[in-house]
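# Architecture and fold: a report
Single-letter residue listing:
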Amino acid sequence: MDLGVRWKLHGDGRTPAPGAVVRPDERLSWPRTAGLGAQHVVAMFGASFVAPVLMGLDPNLAIMMSGVATMVFLLATRGRVPSYLGCSLSFVGVAAVIRADGGSSATVTGAVFVVGGALFLVGLAVRKFGARIIHAAMPPVVTGAVVMLIGFNLAPVTASTYWPQDQWTALFVMLFTGLAVVCLRGFWSRIAIFLGLIFGYVLSWAQDRVFGQIHSADASGKVTDHWRLDLSGVGRADWIGLPDFHGPSFEWSAILVALPVVIALIAENAGHVKAVGEMTGDNLDDKLGTAISADGVGSMLSTAVGGPPNTTYSENIGVMAATRVYSTAAYWAAAGFALLFGLCPKFGAVVAAVPGGVLGGITVILYGMIGLLGAQIWLNAKVDLRNPLNLVPAAAGIIIGVGNVSMEFTDTFSLSGIALGTVVVITGYHALRAFAPAHLKTQKPLLDEGTSSYDTGGSDEDQRAKS
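All of the points below concern the structure found in this document. Small disclaimer: the values here were computed from a predicted structure and weren't measured. (Residues numbered from 1 in each chain as written. Predicted model: local features only at pLDDT ≥ 70, side-chain atom pairs only at ≥ 80, totals over all residues. Heavy atoms only, no water.)

## Here's the deal with the pattern of salt bridges
All chains considered together, the criterion is met by four salt bridges. Note that lysine 8 and aspartate 25 form a salt bridge whose closest N and O atoms lie 3.7 Å from each other. Taken together, the positions of lysine 8 in strand 1 (residues 8-9) and aspartate 25 in the loop between strand 1 and strand 2 (26-27) put the pair 17 residues apart, joining distant regions of the chain. Overall, the relative accessible area of 34% leaves aspartate 25 in the partly exposed class. Aspartate 166 is the salt-bridge partner of arginine 228, the closest N and O atoms lying 3.4 Å from each other. Of this pair, arginine 228 sits in the loop between strand 5 (223-226) and helix 11 (232-236) while aspartate 166 is found in the loop between helix 7 (155-162) and helix 8 (167-183), placing the two residues 62 residues apart along the sequence. For the pair formed by arginine 228 and aspartate 166, the shared burial category is buried. (Salt bridge = Lys/Arg side-chain N within 4 Å of Asp/Glu carboxyl O. Helix = DSSP H or I, 4+ residues; strand = E, 2+ residues; numbered from the N terminus. Buried < 20%, exposed > 50% of the residue type's maximum accessible area, 1.4 Å probe, protein only.)

Have a look at this one:
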């Protein structure tokens with residue numbers, strides 16, 4: 001069985017010829033491959049340690065399990081889809097909502113474990129029936145609205161938790177990060193969030209040295225005198241050791257909050273597979289379902305031991321576009337480096353010490369960017385919001401999600417925020433479409449960005465027969 005772990009040496013293994021590409025089944029010399037792997041680690045590093053910090057999970061374990069998930073993904077796709085699976089930021093809002101309702105880390109990872117299982121099943125369905133089923137259940141108007149309400153639902157987290165801890169640091173970090181996103185070019189622009197964290201880290205340290213302690217709310221919300229940057233945990237941490245593992249806990253209320261995120265992950269995976277296919281020149285139609293399922297399995301493995309969920313990373317796709325090196329050997333090297341990072345508790349302690357004010361400045365931009373990705377889906381799919389069939393369910397669902405509207409069905413069961421908003425968008429759209437006059441349903445269906453070439457596809461076997 002070909003698992004995609006055998007690579008041909010590209011040329012002399014040194015420098016590719018001008019205009020040449022290193023294909024997924026090729027590699028450069030092992031030292032150069034290791035260097036490329038390290039570059040992929042740097043690219044994914046910013047978001048991969050921001051996500052667990054914002055979710056309240058162990059960053060060491062997050063980095064380690066991202067390496068494991070990447071290995072699973074590469075094996076499942078037989079080395080044909082070069083991608084790195086880093087920690088997903090789509091679940092940050094879910095974690096915040098669950099914790100606000102009294103949920104623990106185990107509750108968060110239990111809810112996300114179920115989402116990983118759902119994503120796995122969706123991938124199997126796509127393998128069987130083709131990507132047309134994605135559009136049938138979740139057309140772009142629905143997908144865009146759900147992604148938008150997931151991002152904008154996070155606004156109160158920034159406003160009430162992070163920003164009040166140090167408003168001036170938050171402001172300066174927001175300004176620096178915004179400038180980095182807009183003004184930097186190439187690779188540096190892709191790690192602008194990471195650079196913003198580094199800037200905030202150094203700024204907080206400098207302010208402690210110059211101004212002393214700050215009188216404000218701490219991470220628990222209690223107003224007190226405290227250091228902006230507390231590095232006491234770094235000194236106590238060991239250089240080598242295992243991260244903190246814990247098992248998941250399953251609660252229906254948390255699961256219902258988390259399930260809508262599967263919509264964002266489906267769209268994200270489809271777009272990334274399409275992008276990789278266009279770069280490598282390979283028809284990866286037959287691997288879309290496999291990639292989605294592999295992402296689900298990777299997230300289940302991570303959350304089963306207490307880590308965050310994972311998803312394919314556009315940051316690493318950008319690195320491939322810049323280097324024109326698509327070798328999956330480089331991703332195996334990156335996964336190996338991630339495993340080593342996970343075995344250094346001192347590294348995790350440094351990450352966990354990121355001040356709340358710094359997170360406030362970062363999340364103002366980050367949460368807004370997540371929400372506006374929903375608008376980008378609408379634009380790419382040319383969704384007509386003048387059509388009330390599109391406008392009404394999207395408008396209602398977004399307001400419910402952003403405003404955290406709640407519906408109590410019984411004394412022990414209720415839906416609110418993200419979960420209720422998603423239900424309203426999906427059921428509202430399909431219910432209204434069933435009763436709408438014909439002239440409102442004449443717009444030609446469009447697949448989500450990145451899946452246009454999959455519309456006529458069937459099962460994996462059908463696709464292989466056609467190619």
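## Quick look at helix 18 (residues 356-381)
Here helix 18 spans 38 Å end to end across 26 residues, near enough to the 38 Å set by a 1.5 Å rise per residue. At threonine 363, helix 18 is deflected by roughly 35°, the largest bend along its length. At the exit of helix 18 stands lysine 382, carrying a positive phi of roughly 55°. (Expected span 1.5 Å × (residues − 1). Bend = angle between axes of the 7 residues up to and from the residue.)

## Structural notes on the packing of aromatic side chains
Scanning all chains against the criterion turns up three aromatic pairs. For the ring pair tryptophan 7 and tryptophan 30, a centre distance of 6.0 Å and an interplane angle of 85° mean the geometry is edge-to-face. Taken together, the residues tryptophan 7 in the segment before strand 1 and tryptophan 30 in helix 1 (residues 30-55) connect sequence positions 23 residues apart. Judged by centre distance (5.9 Å) and plane angle (70°), the ring pair of phenylalanine 113 and phenylalanine 250 falls under edge-to-face. Separated by 137 residues along the polypeptide, phenylalanine 113 in helix 4 (residues 105-129) and phenylalanine 250 in the loop between helix 11 and helix 12 (252-258) bring together distant segments of the chain. Positioned above the aromatic ring of tryptophan 227, the side-chain terminus of arginine 209 is 5.9 Å from the ring centre. Between lysine 346 and the ring centre of tryptophan 239, over which it is positioned, the NZ or CZ distance is 5.2 Å. (Phe/Tyr/Trp six-rings, centres within 6.5 Å; stacked < 30°, edge-to-face > 60°. Lys NZ or Arg CZ within 6 Å of the ring centre and 35° of its normal.)

## Side note on the packing of helix 8 against helix 10 (residues 192-211)
Contact pair helix 8 / helix 10: the axes reach a minimum separation of 9 Å and the direction vectors enclose 150°. Handedness of the crossing formed by helix 8 with helix 10: right-handed. Two secondary-structure elements touch here, helix 8 through Thr169, Phe172, Val173, Phe176, Thr177, Ala180 and Val181 and helix 10 through Ala192, Ile193, Leu195, Gly196, Phe199, Gly200, Leu203, Ser204 and Gln207. (Axes fitted to C-alpha atoms, helices over the stretch in contact; angles between N-to-C directions. Left-handed = near helix turned anticlockwise from the far one by under 90°. Contact = heavy atoms within 4.5 Å.)

## Quick look at the environment of threonine 311
Summarising the element assignment, threonine 311 is placed in strand 6 (residues 310-312). For threonine 311, a relative accessible area of 2% translates into the label buried. Spatially, the C-alpha atoms of threonine 311 and isoleucine 266 are 9.8 Å apart, while their sequence positions differ by 45 residues. Beyond its immediate chain neighbours, meaning those up to four positions away, threonine 311 contacts Tyr84, Leu85, Gly86, Ser88, Leu265, Glu268, Asn269 and Asp295. Of note is the side chain of threonine 311, whose polar atom sits 3.5 Å from the side chain of aspartate 295. (Polar contact = N/O pair within 3.5 Å; in protein donor to acceptor, adjacent residues only side chain to side chain.)

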